[in-house]
Amino acid sequence: MFFKKGNQGAAALHFESGRGDINVISESDVETQLKMIGLTSKDLQVINSLQPFVLKKIDYIVDRFYKNLENEPSLFKIINDNSSIERLKKTLTQHIVEMFDGIVDESYLLKRIRIAHVHVRIGLQTKWYMCAFQDLLLSLINIIEENVTQKDDILLSIRAVSKILNLEQQLVLEAYDAEAERLKEVINEQKRTVRDNVASASQNLAAISEETNASFQQLISQSNEIVSIAKTGTELLLHAKERAENGKEQIHKQTLTMSNIHSSIHDISKEVRLLVEILNQMQEIVDIVTGISDQTNLLSLNAAIEAARAGEFGRGFSVVAGEVRKLSEETKSSVSSVSSLILNTNNQVEKLAKSLEKISVDVESGNTNIKTTESYFEQILNVMNETMLQNNKIQNELVTVVNVVNELGDAFQEVAISADSLTSITNEMN
């Protein structure tokens with residue numbers, strides 16, 4: 001097994017001259033992985049023998065690696081957000097050199113696992129990682145083809161390099177799997193927490209929905225009762241309005257009656273005044289008659305005297321004169337009685353006139369009060385009309401509220417059903 005001569009004619013080296021050392025924990029997963037991909041100490045010898053050629057082309061390999069990343073702008077964003085191209089070039093150079101040291105031990109594995117976790121942490125997707133490693137494999141194949149002479153040796157070198165790259169990829173993918181498992185466990189824990197919270201919330205929601213629904217049923221009952229009371233209030237208002245209108249009508253009739261009474265009293269007062277005037281005239285007549293009676297009495301006295309002087313011839317005339325005087329005195333006595341009656345009548349008429357005047361004042365005052373009462377009844381009717389309008393409006397609004405409450409009750413019933421459904425779902429999640 002020989003290598004091609006370099007450009008300066010360097011001597012060819014054997015694969016057996018390389019170092020190959022595998023030192024992993026016995027019966028571990030890594031040991032099983034190495035067996036499954038067939039990576040042996042001889043493969044590590046081949047890999048280590050290729051290290052000088054890799055070192056010679058390391059800048060080319062690294063530059064080509066990052067040049068290829070330009071095909072995906074998101075990769076540069078990840079790099080710029082977490083590090084820099086120059087820094088990563090140095091890290092990749094060291095990484096590739098160590099890969100060709102021909103040693104696979106715990107230190108080697110820990111470094112790879114640490115780098116793998118960095119890939120996971122920065123959010124590098126596995127497809128871009130696989131693409132990058134495929135490009136790295138192609139670069140290494142080019143180096144092998146340029147420096148290994150025989151076809152079998154080329155194939156042996158490519159196999160060895162592909163095995164070590166496969167181990168690298170396994171370690172990285174294992175880190176991705178571990179992170180995915182961790183995230184899965186986190187998600188499962190979150191799901192359990194969400195499930196428990198949803199179950200608790202759904203139970204609380206169901207309880208609250210039942211309580212709210214009961215409250216809404218009570219509210220509906222009370223609202224219906226309020227609507228019924230409002231209807232009864234409207235009916236009572238209608239009756240009250242009807243009675244108030246009847247009262248107003250009666251007051252109006254009383255007003256007319258009082259006006260008629262006032263008019264009648266006014267007419268009676270006029271008649272009383274006429275009666276007073278007649279009584280005054282009668283008193284004047286009585287006075288005249290009294291005067292005549294006095295004069296007649298005086299004349300009869302003179303006639304008696306003259307009859308006495310005439311002696312026997314005047315006796316008849318004396319009798320007549322006595323009768324006249326007697327009639328005169330009776331007339332005077334009768335006229336005196338009439339005068340007394342007229343005086344009493346006049347006093348009674350004056351009292352009647354004063355009573356009528358007082359009654360007239362009272363009737364006027366009563367008429368004013370009745371008009372005021374009628375005005376109050378008018379105001380009461382206006383207030384009742386407004387109250388009825390407001391009551392009808394309130395009744396309509398209450399009906400609307402009851403409808404809304406009924407709709408809310410239906411909605412809460414649906415919420416309760418949804419809560420039960422949610423509880424069923426959480427039980428199925430278990």
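Residues numbered from 1 in each chain as written. Predicted model: local features only at pLDDT ≥ 70, side-chain atom pairs only at ≥ 80, totals over all residues. Heavy atoms only, no water.

Under an unreviewed UniProt entry, the name given to the protein is Heme-based aerotactic transducer, and the organism recorded is Falsibacillus pallidus. UniProt, in its Sequence similarities (unreviewed entry) section for the protein, records the words "Belongs to the methyl-accepting chemotaxis (MCP) protein family." (UniProt positions renumbered as here; feature names shortened; annotations may be inferred.)

Q: Describe helix 6 (residues 85-99), with residues and values.
A: An α-helical turn contains 3.6 residues, so any two residues separated by three or four positions project in the same direction. The end-to-end C-alpha distance of helix 6 is 21 Å, a good match for the 21 Å that 15 residues give at a rise of 1.5 Å each. For helix 6, every residue scored as buried is listed here: Ile85, Leu92, His95, Ile96, Glu98 and Met99. With its buried residues spanning 160° around the axis, helix 6 presents them on a single face. Opposite the buried face of helix 6, at more than 90 degrees from it, the exposed residues are Glu86, Arg87 and Lys90. (Helix = DSSP H or I, 4+ residues; strand = E, 2+ residues; numbered from the N terminus. Expected span 1.5 Å × (residues − 1). Buried < 20%, exposed > 50% of the residue type's maximum accessible area, 1.4 Å probe, protein only. Arc of directions from axis to C-beta.)

Q: Requested: an account of the nonpolar core, with residues and values cited.
A: Ranked by size, the top nonpolar core spans 42 residues in total, and within it Ile96, Phe100, Leu140, Ile164 and Leu165 carry the most contacts. Looking at which element gives the most residues to this core, the answer is helix 8 (residues 126-147), with 8 residues. Core analysis: the second largest hydrophobic core is formed by 13 residues, Val286, Ile342, Val349 and Ile370 among them. (Core = buried A, V, L, I, M, F, W, Y, C linked by side-chain atoms within 4.5 Å.)

Q: Can you tell me about a nonpolar patch on the surface, naming the residues and giving the values?
A: There is a patch of nonpolar side chains on the surface, built from Leu275, Ile278 and Met282 and spanning about 230 Å² of accessible area. With respect to the helices, strands and loops of the structure, methionine 282 is situated in helix 9 (residues 151-310). Of the residues examined, methionine 282 reaches a relative accessible area of 35% and is grouped as partly exposed. (Patch = residues over 30% accessible without salt bridge, like charges linked within 9 Å, V, L, I, M, F, W, Y side chains within 5 Å. Areas by Shrake-Rupley, 256 points an atom, 1.4 Å probe, with all protein chains shown as cover. Salt bridge = Lys/Arg side-chain N within 4 Å of Asp/Glu carboxyl O.)

Q: Outline unusual backbone geometry, listing residues and values.
A: Located in the positive-phi region is glutamate 27, a residue other than glycine, with phi close to 60°. Mapped onto the elements, glutamate 27 comes out in the loop between strand 1 (21-23) and helix 1 (29-37).

Q: Tell me about the pattern of salt bridges, and name the residues and values.
A: A full pass over the atoms with the stated rule returns 5 salt bridges. A salt bridge links lysine 111 to glutamate 98; the shortest N-O distance between them is 3.1 Å. Here lysine 111, found in helix 7 (residues 106-122), pairs with glutamate 98, found in helix 6; they are 13 residues apart in sequence, far enough to count as distant. Taking the relative accessible area as the measure of exposure, lysine 111 reaches 31% and is therefore partly exposed. According to the relative accessible area criterion, glutamate 98 is buried, its value standing at 15%. One salt bridge connects arginine 112 with glutamate 98, and the closest N-O pair in it is separated by 3.1 Å. Of this pair, arginine 112 sits in helix 7 while glutamate 98 sits in helix 6, placing them 14 residues apart in sequence. Each member of the pair, arginine 112 as well as glutamate 98, carries the same accessibility label: buried. Sharing partners across several salt bridges, the network here consists of Glu98, Lys111, Arg112 and Glu168.

Q: Let's hear about the domain arrangement of the protein: which residues, and what values?
A: Each assigned domain of the protein is listed with its residue range as follows: domain 1 (15-147) and domain 2 (213-429). Between the C-alpha centres of domain 1 and domain 2 there is a distance of 124 Å. (Domains from an automatic or database assignment.)

Q: Explain the side chain of histidine 95 residue by residue, including any values.
A: Within the element layout of this structure, histidine 95 appears in helix 6. In contact with histidine 95, other than residues within four places in its own chain, are Arg112, Ile115 and Glu168. (Contact = heavy atoms within 4.5 Å.)

Q: So what about the packing of helix 4 (residues 58-68) against helix 6? Which residues, and what values?
A: Between helix 4 and helix 6, the shortest axis-to-axis distance is 10 Å and the interhelical angle comes to 130°. The angle between the axes of helix 4 and helix 6 places the two elements in the oblique class. With respect to the hand of their crossing, helix 4 and helix 6 are arranged in right-handed fashion. On helix 6, the residues touching Ile58, Ile61, Val62, Asp63, Phe65 and Tyr66 of helix 4 are Ile85, Leu88, Lys89, Leu92, Thr93 and Ile96. Classifying every residue of the contact of helix 4 with helix 6 gives 9 nonpolar, 1 polar and 2 charged. (Axes fitted to C-alpha atoms, helices over the stretch in contact; angles between N-to-C directions. Parallel < 35°, antiparallel > 145°, perpendicular 65-115°, else oblique. Left-handed = near helix turned anticlockwise from the far one by under 90°. Nonpolar A, V, L, I, M, F, W, Y, C, P; charged D, E, K, R; others polar.)

Q: Can you break down the confidence of the model for the protein residue by residue, with the values?
A: When pLDDT is averaged across the protein, the result is 78; 93% of the residues are at 70 or more. This stretch, residues 5-13, has a pLDDT under 50; its non-local contacts, to residues over four places away or in other chains, come to 6 contacts. (pLDDT = per-residue confidence, 0-100.)

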